[in-house]
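This is what each chain is made of:
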2 protein chains.
Amino acid sequence: MAIIVSGLRAHSRLLGELLASRLNLRFAVVEGKRFPDGEVYVRVTPSVREEDVIVVQSMEPPQNDALVELMLIVDALVEAGASSITLFTPYLPYSRQDRVFLAGEPVSVRAVLRALHSLGVGRLVVVEAHSERALSHFPGRVVNVNPLPYMAKLAGLGGDALIVSPDMGGVSRARSVAEALGARSCYIAKVRDRVTGSISMDVGSLDPRGLDVVIVDDIMSTGGTLAEASRILLERGARSVQVLVVHNLNLPGALEKVTGAGVSRIITSNTLPQPRLDVVSVIDITPVVAGEIARWLS
Amino acid sequence: MAIIVSGLRAHSRLLGELLASRLNLRFAVVEGKRFPDGEVYVRVTPSVREEDVIVVQSMEPPQNDALVELMLIVDALVEAGASSITLFTPYLPYSRQDRVFLAGEPVSVRAVLRALHSLGVGRLVVVEAHSERALSHFPGRVVNVNPLPYMAKLAGLGGDALIVSPDMGGVSRARSVAEALGARSCYIAKVRDRVTGSISMDVGSLDPRGLDVVIVDDIMSTGGTLAEASRILLERGARSVQVLVVHNLNLPGALEKVTGAGVSRIITSNTLPQPRLDVVSVIDITPVVAGEIARWLS
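Being a predicted model, the structure only gives us computed values, none of them experimental.

Analysis parameters
Residues numbered from 1 in each chain as written. Chains lettered and ligands numbered in written order. Predicted model: local features only at pLDDT ≥ 70, side-chain atom pairs only at ≥ 80, totals over all residues. Contact = placed C-beta atoms within 7 Å. Helix = DSSP H or I, 4+ residues; strand = E, 2+ residues; numbered from the N terminus. Nonpolar A, V, L, I, M, F, W, Y, C, P; charged D, E, K, R; others polar. Least-squares fit on C-alpha atoms with pLDDT ≥ 70 in both.

S.K.: Where do I start with the interface of chain A and chain B in this structure?
M.R.: One widely used convention gives an interface's size as the accessible area the parts lose upon coming together. In this complex, chain A contributes 40 residues to the contact, which on the side of chain B involves 40 residues. Breaking the side of chain A that touches chain B down by element, the ones donating at least two residues are β4 (40–43), α2 (63–79) and α3 (108–119) of chain A. Ranked by the residues each element gives to the side of chain A that touches chain B, the list is headed by α2(A), at 10 residues. Tallied by class, residues from the side of chain A that touches chain B come to 22 nonpolar, nine polar and nine charged.

So this is what it looks like as structure tokens:
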């Protein structure tokens, strides 16, 4: 029998509870605190000896604190004799630095994944990682759950929508949504200056006139990319623009930037903690994740 | 030829510069920033291909940010073809959780050290780690520099002082100071309740009447231990109490607590950033560290 153990963060607990109840598994929350000097203390109180443990850790900012806490939890589980450790971290931080763009850079996500693997994480479950390349740096087994078709259907999107990826890297993501809905998909060629961070966009022959557009992306960070894409699509005659994004980091000002650019609704998931606002539709993706994990466990 | 590369923090740069100038080695500072979402970005701009690199990272709070930044730097150095990576982290965080005190706990310092080793750190130089046990968890080569005799002499302490360790674990530390000064040493039996954190002290047959006492410790965190020891020693008739501590975390209120308990001077080092205050004497320990590293390099 497997046991689900969640980290200290409120959202880790929430996701752990949802998963445990769907999978009908035992569930425990790590105990812990911060020492006065800022170091993290954790303790896994239930017995995990010879158990298959699924650790649930939410990685919203501050990501570094979440990561170090997770490293300590994994060490504690190994120490306590767990027979295997599967990590479910719905949002994988540092996944956008999945290669060396400029000489002298790290592959940050590789550092994160190697460290976790070296400590004892054998399997990794993530939701819509930024790229397959990011996940290729994990030496163990990986499941990358794509919840977008599920999210698109639950959000009531239809086959008449035009599904747009705001960059070439997201084409297969947009296509997975379009196929599920029986809709068309296309992309905007986004060019990001790695040094200044500025973005320029080339919509090419894309014609959104009179269409209800859904921009599909993996991560909403500052909202800059999505706002720019929305503005261009509306300028070119789109009737409406919605955003379907898996991970909303919920950074200050991001929602305002995106809605200010004409986006009428943001459909996102609970891979990260979300605000309760009319303009944001939050879809619980634990049913999809539970399905993947159940397949392993059976 | 080796090259010294320091992390982004001001104190990492300061220590890197001091070491590089003493060792007459090339010196470079990592470039970097924080992304809007809080992720760290680093870039090592000088060529380190086939170089022996000494990374200097100061680990003052917030320690988790320092640790993750360090992990990324190490990944970047490996990616850039460094032939070896030696880490100089004068203060090693998480070193007090060097064993399992209660079932279910991690050995936190092991998680930190294993992760760094797995990413490519082959050698580790630290200053007065909390325990040899803490360092035993690093799979590579370790040098644990004891700067206390050097610090005691530079601070002008004499053979007439009574050197006191505030707990049994620090006896050899106090003894190293006493031997260097030709002074006597002894210890207070400190009992810390792992759950509540409360401390009780048993001075036994120790008689500090009329003596100038120097309490020697590795880490000053909240100052609770040092304040309590000072109070007991003054109550028992000590003429004066000074503190000689390698790592002062400089937490809010700690200095006030210690001076409020009658400590007349805190002698500490620059393993961590220090305040400029009359009551704090800061001793640069990079000469001692440079001596150890020079022995390796020769």
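S.K.: Help me understand the relation of the copies chain A and chain B in this model?
M.R.: Rotating chain A by 180 degrees about the axis while translating it 0.0 Å along that axis superimposes it on chain B, leaving an RMSD of 0.0 Å. Here the symmetry operator amounts to a two-fold rotation axis. Across chain A, the rotation axis passes nearest the C-alpha of A115(A), at a separation of 2.4 Å. Of all interface residues in chain A, 100% are interface residues in chain B too; the two copies therefore contact each other through one and the same surface.

S.K.: Would you mind going over unusual backbone geometry with me for this structure?
M.R.: Leaving glycine aside, a negative phi is the common case for residues, and trans is the common case for peptide bonds. Residues and elements named next belong to chain A. Of note, the bond from P61 into P62 is cis; its omega dihedral lies within 30 degrees of zero at 0 degrees. Following the sequence through the fold, P62 ends up in the loop between β5 (52–56) and α2. Positive phi is not limited to glycine here, since N24 has a value of about 55 degrees. Along the chain, N24 turns up in the loop between α1 (10–23) and β2 (26–29). Its identity is not glycine, yet N250 carries a phi of approximately 60 degrees, on the positive side. Its place among the elements puts N250 in the loop between β14 (240–248) and α8 (254–260).

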